[in-house]
Amino acid sequence: MDLLQTFLRLHVPQFFKSELFQPEEEIVLAPSAGGTHEHAVAWFARTVAREAVEELYVSTARGLIIPAGRFVPAATVAPVGHFRDQAPWAPSAGVALVLELPSTCPHRAREPKRLGYAAADIPCYLLVDRTAGRVTLFTDPENGDYTAHTQTDFGKPVDLPAPFSFTLDTAPLR
């Protein structure tokens, strides 16, 4: 049985999530996020719903199929109805932004996840790096990496491009 089939047949304990990093041939189990994480994701979802110029849907715990494996971002933003009738693991095509708030192993979010999301041509990757005390918005995926990024300390704003087209206050993401 290959690694993907093993991964898809896993019985993941309640309150855990599983991700597959294919280039590394690694299956990662992580505990569900705590209250601070959930608060930041909920605040982000409300802000996108209120401020974005286009109507978007923020999904949590949405499994994405990408060239580098199967990732579960903290939040996935796509047009309303995009994930309707989709299986638990959905193709990443059409996703506008992924949000990561790593609490354990932030190196995975900084490198393999960034490269994976870029290889999937997801236009925006918002990394809330509490370990480093900053927020980084990666944009313009090309040739397997993002060609542009904006990095700011917590509390400083970051401009989100279309279809968001608003300035995000990063203080509540701490």
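Up top you'll find the structure we're talking about.
Residues numbered from 1 in each chain as written. Predicted model: local features only at pLDDT ≥ 70, side-chain atom pairs only at ≥ 80, totals over all residues. Heavy atoms only, no water.

Student: Sorry, what's going on with the sheet that holds strand 6 (residues 75-79) here?
Tutor: Two orientations exist for strands paired in a sheet by backbone hydrogen bonds: parallel and antiparallel. Taking strand neighbours across the sheet as the criterion, the six strands line up as 3-6-8-9-10-11 in an open arrangement whose pairing is mixed. Strands at the two margins of the open sheet, each flanked by one partner only, are strand 3 (56-59) and strand 11 (145-153). Direction aside, the axes of adjacent strands within the sheet are offset by 20 degrees on average. Against the sheet, helix 4 (residues 112-119) touches strand 8 (97-100), strand 9 (124-129), strand 10 (134-142) and strand 11, its axis set at about 130 degrees to strand 11. (Pairing = 2+ DSSP bridges. Helix = DSSP H or I, 4+ residues; strand = E, 2+ residues; numbered from the N terminus. Axes fitted to C-alpha atoms, helices over the stretch in contact; angles between N-to-C directions. Contact = heavy atoms within 4.5 Å.)

Student: Which parts of the structure should I look at to understand the pairing of strand 11?
Tutor: Two faces belong to every sheet, and in a regular strand the side chains alternate between them. Sheet analysis places strand 10 next to strand 11, joined by eight bridges and oriented antiparallel. When the bridges of strand 11 are listed, Glu-142 appears paired with Asp-145. Between strand 10 and strand 11, which pair antiparallel in sequence order, lie two residues; one of them, Asn-143, sits at a positive phi of approximately 55 degrees.

Student: Where do I start with the nonpolar core in this structure?
Tutor: Grouped together as the largest cluster of nonpolar side chains are 27 residues, with contacts concentrated most on Phe-44, Val-48, Leu-99, Phe-164 and Leu-168. Every element with two or more residues in this core is listed here: helix 2 (35-51), strand 3, strand 6, strand 8, strand 9, strand 10, strand 12 (157-160) and strand 13 (166-169). In terms of residue count, helix 2 provides more of this core than any other element does, five residues in total. Those residues in contact with Phe-164 that lie beyond four places of it in its chain are Val-48, Glu-51, Ala-52, Val-53, Leu-56, Val-77, Ala-96 and Leu-97. (Core = buried A, V, L, I, M, F, W, Y, C linked by side-chain atoms within 4.5 Å. Buried < 20%, exposed > 50% of the residue type's maximum accessible area, 1.4 Å probe, protein only.)

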